[in-house]
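# Chains, contacts and geometry: an overview
One letter stands for each residue in the lines below.
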Amino acid sequence: MPLSVQETEVKNPPVSRPPLDPHLKALENEAIHIFREVAAEFEKPVMLYSIGKDSSVLLHLARKAFYPGRVPFPLLHVDTTWKFKEMIEFRDEIAEKYDLDLVVHTNPRGAEEGITPFSHGSALYTDIMKTEALRQALDAGGYDAAFGGARRDEEASRAKERIYSFRTPDHKWDPRNQRPELWNVYNGMVRKGESVRAFPLSNWTEVDIWRYIQAEDIPLVPLYYAAERPYVERDGMMILAEDPRLELKPGETVQHGMIRFRTLGCFPLTGAIRSTASNLEEVIAELEIATVSERQGRAIDRDQSGSMEKKKREGYF
Amino acid sequence: MTATATSPSATILPFAEPLKAVRDTRPLRLITCGSVDDGKSTLIGRLLWDTKAVKEDQAATLARDSGSQNDLGLPDFALLLDGLQAEREQGITIDVAYRYFSTDRRSFIVADTPGHEQYTRNMATGASTADLAILLADARAGLLEQTRRHATIAALMGIRQFVLAVNKIDLVHYDKAVFDRISHDFREFALSLGVRQITAIPMSALKGENVVYPADASMPWYDGPTLVEALELATVRSTQAGGFRLPVQRVVRPGESFRGYQGTVAGGSVKPGDSVVILPSGTIANVSRIVTFDLVRNAAVAGDAITLVLDRQVDVARGDVIVSLDGQPMTGHHFDAQLVSLQPGGIEPGRRYWLKSGSRRQRVAVEPISQLELATGKWQPHASTLAMNAIGKVRLSFEELAVFDAYDQNRSTGAFILIDPDTLNTVAGGMIIAKRAEVGGIHREDQRVVLSLPADLAEQLMASELFANRRDETEIKRMTAKQAAELFSNAGGDI
Ligand SMILES: Nc1nc2c(ncn2[C@@H]2O[C@H](COP(=O)(O)OP(=O)(O)OP(=O)(O)O)[C@@H](O)[C@H]2O)c(=O)[nH]1
Ligand SMILES: [Mg+2]
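Residues numbered from 1 in each chain as written. Chains lettered and ligands numbered in written order. Predicted model: local features only at pLDDT ≥ 70, side-chain atom pairs only at ≥ 80, totals over all residues. Heavy atoms only, no water.

Below, the discussion takes up the coordination of the magnesium ion (ligand 2). All names here are of chain B. At the metal site, the magnesium ion (ligand 2) is ligated by Ser 41 (OG) and Thr 93 (OG1), and these contacts range over 2.0 Å. Here Ser 41, found in helix H1 (residues 40-50), pairs with Thr 93, found in the loop between helix H3 (85-90) and strand S2 (97-102); they are 52 residues apart in sequence, far enough to count as distant. Given a relative accessible area of 7%, Ser 41 falls into the buried group. Given the relative accessible area of 8%, Thr 93 is considered buried. (Donors = N, O, S within 2.8 Å, 3.2 Å for Na, K, Ca; no water. Helix = DSSP H or I, 4+ residues; strand = E, 2+ residues; numbered from the N terminus. Buried < 20%, exposed > 50% of the residue type's maximum accessible area, 1.4 Å probe, protein only.)

Residues and elements named next belong to chain B. By the assigned domains, chain B splits into domain 1 (3-11 + 240-324), domain 2 (28-233), domain 3 (330-435) and domain 4 (442-494). Listed by partner, the interface residues are 18 residues for domain 2 and 12 residues for domain 3. Between domain 2 and domain 3, the buried area comes to about 1300 Å², and carbon and sulfur atoms account for 63% of it. Contact with domain 3 buries surface across domain 2, with Arg 121, Leu 156 and Met 157 losing the most and accounting together for 44% of the total. For the pair domain 2 and domain 3, the interface holds zero salt bridges. In this structure, the connection of domain 2 to domain 3 is made through seven residue pairs in polar contact (both at pLDDT 80 or more). (Domains from an automatic or database assignment. Contact = heavy atoms within 4.5 Å. Buried area = accessible area lost by both parts, 1.4 Å probe. Salt bridge = Lys/Arg side-chain N within 4 Å of Asp/Glu carboxyl O. Polar contact = N/O pair within 3.5 Å; in protein donor to acceptor, adjacent residues only side chain to side chain.)

Residue and element names in this part refer to chain A. Reading across the sheet, the four strands line up as S8-S7-S9-S10 and stay open at both edges, with antiparallel pairing between neighbours. Among the strands making up the open sheet, the edge pair consists of strand S8 (237-240) and strand S10 (273-274). The pairing of strand S9 (residues 255-260) with S10 spans two bridges and is antiparallel. Bridge pairing in S10 places Ile 259 opposite Arg 274. (Pairing = 2+ DSSP bridges.)

A separate point is the site of ligand 1. Residues and elements named next belong to chain B. Of all residues adjacent to ligand 1, which total 19 residues, the nearest are Lys 40, Ser 41, Thr 42, Thr 93 and Asp 170. Lys 168 places a polar side-chain atom, nitrogen or oxygen, 3.0 Å from an oxygen atom of ligand 1. Taking Ser 204, its side chain carries an N or O atom lying 3.1 Å from an oxygen atom of ligand 1. In isolation ligand 1 has 650 Å² of accessible area, and contact with the protein removes 89% of it. Residue contributions to the shell around ligand 1 peak at three residues, all from H1. Across the shell around ligand 1, the residue classes break down as six nonpolar, eight polar and five charged. (Near = heavy atom within 4 Å. Areas by Shrake-Rupley, 256 points an atom, 1.4 Å probe, with all protein chains shown as cover. Nonpolar A, V, L, I, M, F, W, Y, C, P; charged D, E, K, R; others polar.)

Now for the sheet that holds strand S1 (residues 45-48) of chain A. Residue and element names in this part refer to chain A. The strand order across the open sheet built from six strands is S3-S2-S1-S4-S6-S5, with neighbouring strands paired in mixed fashion. Two strands in the sheet have a free side with no partner beyond their single neighbour: strand S3 (102-105) and strand S5 (164-167). Across this sheet, the average inter-strand angle for adjacent strands is 30°, counted without regard to direction. Of the pairings in the sheet, the one linking strand S2 (residues 75-78) to S3 comprises four bridges and is parallel in character. The residue bridging His 77 from the neighbouring strand is Val 104, located in S3. Across the face of the sheet, helix H2 (residues 53-66) comes into contact with S1 and S2 while running at roughly 145° to S1. Most of the contacts of helix H5 (residues 117-141) go to S2, to which it runs at about 145°, and overall it touches S1, S2, S3, strand S4 (145-147) and strand S6 (195-198). (Axes fitted to C-alpha atoms, helices over the stretch in contact; angles between N-to-C directions.)

Turning to helix H6 (residues 206-216) of chain A, a few remarks are in order. Residue and element names in this part refer to chain A. Burial of H6 is extensive: nine of the 11 residues sit out of reach of the surface. The set of residues buried in H6 consists of Glu 206, Val 207, Asp 208, Ile 209, Trp 210, Arg 211, Tyr 212, Ile 213 and Glu 216. Looking at the buried side of H6, the elements it contacts are helix H1 (22-41), H2 and helix H7 (280-288). Count one or two residues on from H6 and you reach Asp 217, which has phi positive near 60°.

Have a look at this one:
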């Protein structure tokens, strides 16, 4: 007895696909379980949506978890106003296509005080336009749970984080005193003002993400695929040169070449890699022989060992 | 951090190799455990290194951060795991680090746990989901109390496969006698835990001997597997035995005509047409459909996250368990359980906690019965507070009907956590032993009861600590079934 579409309120019903391999299936099951548990236990969950590949997988899993119902919480995008143009276009398309409640927040201090990644340096800029902005948005929404797409294999302090990561009322993480987390029995009890960050993709690796995107045919921002693009070389990074706010420094020139991105963030802080991988198969093939990690292209993660932990303690995702 | 002695990072870079893990099973989940400083983090760091799971930029960071902590000119592999500032400063592990790697045979999720007694709760966190434990012992020190505590917790939590890594063998001149003695000690101890599957391996985590590469030159006397070979042969915990179990996480009602129950199958399997019971209410219904995003399925098995649709309007809420008609779990108000106390306040007798199991949260009163003495492996009567890190047997009493399987039957529906109602922190992890039968009405002043039982059942009763404690008050005789029947025909009234 097939499920008829009229019976549900879901837009864009799913199509039939070959079954996932047991490895991806186990990861998917775990993520769906976490989504449902948080949605049932917390009063006001929200999902952080950063438009990148991990967020795209996260969103896909959320849609699966609640099918045939709608995703029962809003998506929050913290917009620094320095994202790649294609990211914003993609975000709006997806929200429309899947009938999602999208909340966009920008820290007003950015415009008021003229805070940009160029004028204030990556550390201060990130602190204000990402971390502080996130805290503002979470407080404003009164959310008691926030889903994030962080994976433990990304970075050494993330490897330590629980699936339900407890936060104090001022969004602080205390890595030395995390709640025990046994089996898949999650403790979702918090007092007013306290919250958890929930990470359904905790146990996924970068390769898992890409293989899942392939298996489930998940749409991505095209910047993940190689194309002929304009760029500028600065501080050992290739920065995309399409936004008029990027001012050339003396000696810099706009070059053209086949490049793509392994992670997406704010364009002035995200380095491209040289690549000819213009489709999913080629990206995966390239990844499987990659000798550097994905975060290498991110200026904000490179400062020093322990910088991620510091940011996380302050409330960064 | 000072610059490393092995400065040119190029000389310590592992070369990259394509990842080609076979994915015909889910990843094997394992933990490292054992006493503080036995080399757990170093071992996993070495394993990641030798399986080429460390990328160039990470290797460069490692080279930069490694002090001259060993005189072999090797990087401090533990830094690949000990990612918190406090851990690096103190040179110890505080919380579990989860890492992922694969060989061309299979993929692994490893949880590197802290050895320090203060952080036992974090070790328990790692152990609860593991299929296998690598227990480390420092070759110079052998088995310590903390080694036994970790082995015991791992066994209680259902881990049946152990690798005993006799580590730092390089510091005892690769002495076979040391290895033999420690492995013998452990095998003996493990037997008392009911663990029989043990692979003992002499190892130098730091030098990478018998981790991924064999060490024929330094240990020609050892012809067993390397650690990676042992891990490749291990089995993932098999699907839960017994009947179908679906703890209901949420009810989904997108429209008037659709009502589905969402949850993860925690045991057995289900297909359309099956008769099921909703517990604790006891209502019976039939499964009409199994809905997933990937359209309607004709069956679901343990581990699957599904939406179940029943053939009739019944009252089902979050926290209920939908189970097969045959092979139902236990329901009752009193259960016996084992637990590990995880927080400084301990577990106090008579105090009411929140208990969470599956998707159900309910009030429970906890009465300690006994406590495991690690030095002797014996359970001692203990009715007062179970202090932090204690392993105890307790009686759970519920106001509302509770639903469980025994943990050794089902690692999901037999597991629970206790939550402190004041701090809201998780204070214990527990495993159900059995429902406590409420016989009632037998006890009368001064009277004695004569039981006639099969010998095997008598043996089990007599093995219980309750019985053992009052053994001198009992009389026991052995006889044939016929003799017993005769004796009973002349005995007092039936109960
Ligand atoms: N010589 C030698 N030293 C080792 C070996 N394995 C580990 N070590 C050293 O032992 C010390 C402790 O190692 P760790 O890996 O931090 O120990 P641990 O078991 O993770 O410690 P905790 O997590 O704090 O319980 C470090 O200085 C290591 O370099 C080995 O096989 N041989
Ligand atoms: Mg350690």
